Amino acid sequence: MKIFFLGTGTSQGIPVIGIKDPVCLSTNPKDKRLRSSILIEWNGSHFLIDCGPDFRQQMLRIDNQKLDAVLFTHEHADHTAGLDDLRPYCFMESKAMPIYAQKRVINSLKNRFDYIFATEHRYPGAPSVQINEIEPYQEININDKTILPLLVNHGSLPILGYRLDNFAYLTDVKTLDEETYQNLQNLDVLVINALRLQEHPTHNNLEEALQHIKKTNPKKAYLTHIGFQLGFHDEVEKQLPDNVFLAYDELILEL
Ligand SMILES: [Zn+2]
């Protein structure tokens, strides 16, 4: 399994437009973060988790030729705003792109991208999607690969994380239920969000992320969905436990 970190930034990315913070002005490429998303290549299948506003740029950057399915964590714009840019993949293979999300998220996408989901008078250039409603802890099977959606609490909003074999990707976490902790045991790699040092009502700060990692005890953990307030990549990484790393854009993991 190969994990491509397409973006590792919080909702506004880094740099943030108009902000002259030193981290936003940093010339280190690891301090430049597009909106959070990963691509998973697993025995020839390509699964995307989240399709944010930087999706087109992210696909061009790694020259990705194929996409088998899109899994959404939740409906917020930094995770969904790239939906229209699925078009090239629909045209390449003349197929509707399978998308997987909770019912509430599908409804939100239908409201915001009504032309994509229209059944009558469809604009010929619109992307086609094939809808799959999913629920936490109900395994899904795509191309003979088993994927387990997990319940994540984004503040009071119930959203999804995903476990694929011994890899799990969780973003926009604030708290996790006991059942999710149980399903996160024996991981080789856990990816989880850490926004900044200060508390936030709906996202982990660094300390909370480290607590979730301690409780799940993966071999290695990578932090994502990072805000500029967390600090410089190279400085923050020095202060982390031995098995915890900051993810960065264009990082590739092989499992
Ligand atoms: Zn987000």
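Here the structure is a predicted model, which means the values were calculated and not measured.

## Focus on helix H5 (residues 103-112)
- Taken together, the buried positions of H5 are occupied by Val105, Ile106, Ser108 and Leu109. Buried positions in H5, seen along its axis, are confined to an arc of 160° and lie on one side of it. The outward face of H5, more than 90 degrees from its buried face, is lined by the exposed residues Lys103 and Asn111.
- Packed against the buried residues of H5 are helix H3 (77-80), strand E5 (97-101), helix H6 (114-117) and strand E6 (129-133).

## Describing the sheet that holds strand E4 (residues 69-71)
- Read from one edge of the open sheet, 7 strands run E6-E5-E4-E3-E2-E1-E14, paired in mixed fashion. The open sheet has two edge strands, E6 and strand E14 (252-254), and neither has a second partner. Within this sheet the neighbouring strands show an average axis-to-axis angle of 20°, counted without direction.
- Looking at chain direction, strand E3 (residues 45-49) and E4 are connected through 3 bridges and run parallel.

So, how was this worked out
- Residues numbered from 1 in each chain as written.
- Predicted model: local features only at pLDDT ≥ 70, side-chain atom pairs only at ≥ 80, totals over all residues.
- Heavy atoms only, no water.
- Buried < 20%, exposed > 50% of the residue type's maximum accessible area, 1.4 Å probe, protein only.
- Helix = DSSP H or I, 4+ residues; strand = E, 2+ residues; numbered from the N terminus.
- Arc of directions from axis to C-beta.
- Contact = heavy atoms within 4.5 Å.
- Pairing = 2+ DSSP bridges.
- Axes fitted to C-alpha atoms, helices over the stretch in contact; angles between N-to-C directions.

Geometric descriptors of this kind do not, in isolation, establish any biological role.
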